[in-house]
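Architecture and fold: a report
Take a look at the letters that make up each chain.
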Amino acid sequence: MNSYPIMLDIRGKKAVVIGGGRVAFRKIRVLLDAGALVTVISPEAIEQLAALSGNGKLKWVQRVFESEDISDAFIVIAATNDANVNSKAAQIAEEHQLINVCDQPDLGNFQLPAVFNKGRLSITVSTAGASPLLARQIRDDLAGNFDEHYEDYLDFLFACRERLKLKSLHNSRKNQLLKQLLQPGYRSPDRQKEVMMNFEAFCRSK
Ligand SMILES: C[C@@]1(CC(=O)O)C2=NC(=C\c3[nH]c(c(CCC(=O)O)c3CC(=O)O)Cc3[nH]c(c(CC(=O)O)c3CCC(=O)O)/C=C3\N/C(=C\2)[C@@H](CCC(=O)O)[C@]3(C)CC(=O)O)/[C@H]1CCC(=O)O
Ligand SMILES: NC(=O)c1ccc[n+]([C@@H]2O[C@H](COP(=O)([O-])OP(=O)(O)OC[C@H]3O[C@@H](n4cnc5c(N)ncnc54)[C@H](O)[C@@H]3O)[C@@H](O)[C@H]2O)c1
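Taking an unreviewed UniProt entry as the reference, the chain is identified by name as precorrin-2 dehydrogenase belonging to Scopulibacillus darangshiensis. Taken directly from UniProt, the Catalytic activity (unreviewed entry) text for the chain runs: "precorrin-2 + NAD(+) = sirohydrochlorin + NADH + 2 H(+)". For the chain, the Pathway (unreviewed entry) comment in UniProt is given as "Porphyrin-containing compound metabolism; siroheme biosynthesis; sirohydrochlorin from precorrin-2: step 1/1."

Quick look at the site of ligand 2
In the region of ligand 2, 20 residues are neighbours, and Val23, Arg26, Glu44, Phe65 and Cys102 sit closest. Between Arg22 and ligand 2, the recorded distance is 3.1 Å, taken from a backbone N or O atom to an oxygen atom. For ligand 2, the protein covers 69% of the area, taking 870 Å² as the surface of the free molecule. Take the shell around ligand 2: its biggest share by element is four residues, from helix H1 (residues 22–33). In the shell around ligand 2, the residues fall into nine nonpolar, six polar and five charged.

Some points on the pattern of salt bridges
Considering all chains together, one arrives at eight salt bridges under this definition. Where Asp9 meets Arg11, a salt bridge forms, and the shortest distance between an N and an O atom there is 2.7 Å. Given a relative accessible area of 43%, Asp9 falls into the partly exposed group. The salt bridge partner of Arg63 is Glu66, with a shortest N-O separation of 4.0 Å. What you see here is one network of salt bridges that share partners, running through Arg63, Glu66 and Asp69.

Quick notes on the rules
- Residues numbered from 1 in each chain as written.
- Chains lettered and ligands numbered in written order.
- Predicted model: local features only at pLDDT ≥ 70, side-chain atom pairs only at ≥ 80, totals over all residues.
- Heavy atoms only, no water.
- UniProt positions renumbered as here; feature names shortened; annotations may be inferred.
- Near = heavy atom within 4 Å.
- Polar contact = N/O pair within 3.5 Å; in protein donor to acceptor, adjacent residues only side chain to side chain.
- Areas by Shrake-Rupley, 256 points an atom, 1.4 Å probe, with all protein chains shown as cover.
- Helix = DSSP H or I, 4+ residues; strand = E, 2+ residues; numbered from the N terminus.
- Nonpolar A, V, L, I, M, F, W, Y, C, P; charged D, E, K, R; others polar.
- Salt bridge = Lys/Arg side-chain N within 4 Å of Asp/Glu carboxyl O.
- Buried < 20%, exposed > 50% of the residue type's maximum accessible area, 1.4 Å probe, protein only.

What follows is the structure, given as structure tokens:
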């Protein structure tokens, strides 16, 4: 059976990460990039993680995990090097909480994909635990196709789509225009500027 793939909005949500090693750090960076409020529970932490705590980017509770630590968490990542601690976290987690267990994925209810972000573009690759290294390799291969221009191009597409939504045009015409914007010519910044400045004319174009 397939996993259910979603893009989760975790801005301002409490994320508790148990463990302060390399694996915890990798997952914490993705949580912070997504705007989560991160608390790390770990007696020790690698330098980069301690630095994030020093800069106030996250809260580091410097001790071993206790059951109450995850009671109000929206999302939990169990990333210690002690399998018993990780499975205890999975046991305590409530049915409605999101939990990832980094050494025993079946005990949790979600896994992390390899991620590439460029502005509004996200590429995520999962092999469902078969080969995280292949997931990373496929992610890197795909990411190579999207240079920095895509960030602006996607912002442009977003702005056009928002404007089109407000227009009283037939849906089939809106779709036609949205498809037109995918033609390679529109990746040029000059062409994008032109469309934004003469949007009415673009809407009438053939
Ligand atoms: C994609 C990525 C995202 C991320 O973690 O951010 C990710 N693992 C990454 C790297 C990586 N992981 C491992 C190695 C060492 C080489 C190797 O063993 O292959 C490396 C390479 C490295 O570390 O350099 C070992 C490993 N991983 C898991 C176990 C336990 C097990 O399989 O039972 C063990 C054995 C631990 C042990 O030996 O004890 C489990 C999981 N790892 C997943 C995700 C989920 C499945 C994703 C998928 O299959 O697509 C899943 C199921 C759960 C989860 O963690 O969510 C990230 C790469 C992205 C990036 O680099 O940007
Ligand atoms: N899913 C993945 O992507 C992936 C990849 C590689 C390894 N792993 C697994 O993840 C585990 C962690 O890897 P690592 O390289 O970060 O290990 P690590 O040894 O560098 O870090 C482990 C951390 O857990 C903390 N810790 C230990 N006991 C604790 C407790 N009772 N409460 C709170 N924190 C505690 C330690 O202080 C340390 O900071 C490995 O043992 C391995 O099984 C998972």
